[in-house]
Amino acid sequence: MSDHDDAHDGGHEDDAADEGHDHEGGYEMPDREEFSHDPLGHTEVHAGMTVGELVEQYGHAGIGAADVHEAADIYAEMLADEDCTVFMSLAGAMVPTGMRKIVSDLIRDGYVDALVTTGANLTHDAIEAIGGKHHHGSEHHDEKTPREHDETLRDEEVDRIYNVYLPQEYFALFESHLRDEVFPPLEEEGIVSIERLCRELGRANSEVNEREGIEEDAGVAAAAYESDVPIYCPAVQDSVLGLQAWMYSQTSSFSLDALSDMTPLTDLAYDADKAGCLLVGGGVPKNFTLQTMLVTPGAYDYGVQITMDPAATGGLSGATLDEARSWGKLEKDARNATVLGDATIMLPLLVAAARERLE
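Everything in this summary refers to the structure shown in the same document. (Residues numbered from 1 in each chain as written. Predicted model: local features only at pLDDT ≥ 70, side-chain atom pairs only at ≥ 80, totals over all residues. Heavy atoms only, no water.)

1. Section: helix α9 (residues 220-227)
Of all the residues in α9, the buried ones are Val220, Ala221, Ala222, Ala223 and Ala224. On its buried side, α9 packs onto α4 (95-108), β2 (114-117), α5 (119-129), α8 (194-211) and β7 (231-232). Among the residues trailing α9, Asp228 stands out with phi positive, at a value near 60°. (Buried < 20%, exposed > 50% of the residue type's maximum accessible area, 1.4 Å probe, protein only. Helix = DSSP H or I, 4+ residues; strand = E, 2+ residues; numbered from the N terminus. Contact = heavy atoms within 4.5 Å.)

Right, here's the structure in full:
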């Protein structure tokens, strides 16, 4: 190659190099609107640290840890905001799997203004209030197929909720409780709202629990009754509680009006200066809680949800709260976070961290 060729090629290399550097030969920083200087840290753990301290450390990390930190921060701010009306939805097997007291304590301490839940959770809550108990179990047996394992439980009259067992005699106890303590006062009123049924269930749970000296706490419905917090159960028919209510209605004047709950729940949302929601699981409770804002001038100012469902299926249970914003269920500037994970793990973590910050 000639000297002329060397000079010619070198000129092209210099031109190419200059495209990524400033006039002094250094790197020319591009315009950045999305990126901001916020270096990732590393979570530190040590013996004796509190849950709140652990969640604060999560803030140095990324992926799920960062989501948990943000959710705890939003939840704590929601609870600390004296102008905020807090709605809580509770789906899934939260009561029979040991989350009952977390919810009842939140209600008793004034951190829930309205609870939307399933008939199943209310059923299992009442069973424990009147002396029944859930037990540790197993989802499989080493010497049996899954089907054989469940066939054995069927023969032993034990119901299984994943790795939790519930002897069926407790459902008979629950039926007697409803027929003796809950339904008769409502029968005198005829057709009542579902919230009225939940309130009467809470009263009965509280009174029987105290009268019989039950060791276990009176529970969620009792706490709501004692604290004057309404419980809404829009799909009560989908539970043993609903099944028993239907059976009782066949031979009495008692019945349920599913639409009458819409007015007080909507009024609560309408009158709220600010509103926040903690959504545990998805399903009917989640949507019932969110859709309330569709008929009010405002929307949720805070939102935290715990779910294991993916958003990509298009189902409501996995839908992001950002998607809910498009419907007008959340304010445009609302603070919201989604935590993906098992609610039996994530709910205690978020509540403990928020409580530590508040108290």
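There's more to say after this.
2. Focus: the layout of surface pockets
Quantified by volume, the largest pocket comes out at close to 320 Å³. As for the largest pocket, its lining consists of 15 residues, and the residues nearest its centre are Pro96, Thr97, Gly98, His134 and His136. Secondary-structure elements contributing two or more residues to the lining of the largest pocket are α4 and β3 (135-136). Residues that form the lining of the largest pocket fall into these classes: three nonpolar, six polar and six charged. In terms of lining residues, the second largest pocket is bounded by 15 residues, among which Gly92, Met94, Met308, Asp342 and Ala343 are the most central. Looking at the lining of the second largest pocket, the elements that each hand over two or more residues are β10 (300-307) and α14 (343-358). Across the lining of the second largest pocket, the residue classes break down as seven nonpolar, six polar and two charged. (1 Å grid on protein atoms, 1.4 Å probe; cavity = no way out; pocket = protein on both sides within 12 Å on 5 of 7 lines; lining within 4 Å. Points joined across faces, edges and corners; volume = space filled by probe spheres on them. Nonpolar A, V, L, I, M, F, W, Y, C, P; charged D, E, K, R; others polar.)

3. Observations concerning empty space enclosed by the protein
Counting across every chain of the model gives one cavity of 30 Å³ or more. In this structure, the largest cavity encloses a volume near 30 Å³. When contributions to the lining of the largest cavity are tallied by element, the ones reaching two or more residues are β2 and α5. Examining the composition of the lining of the largest cavity, we find that three residues originate from one element, α5, more than from any other. By residue class, the composition of the lining of the largest cavity is five nonpolar, two polar and one charged.

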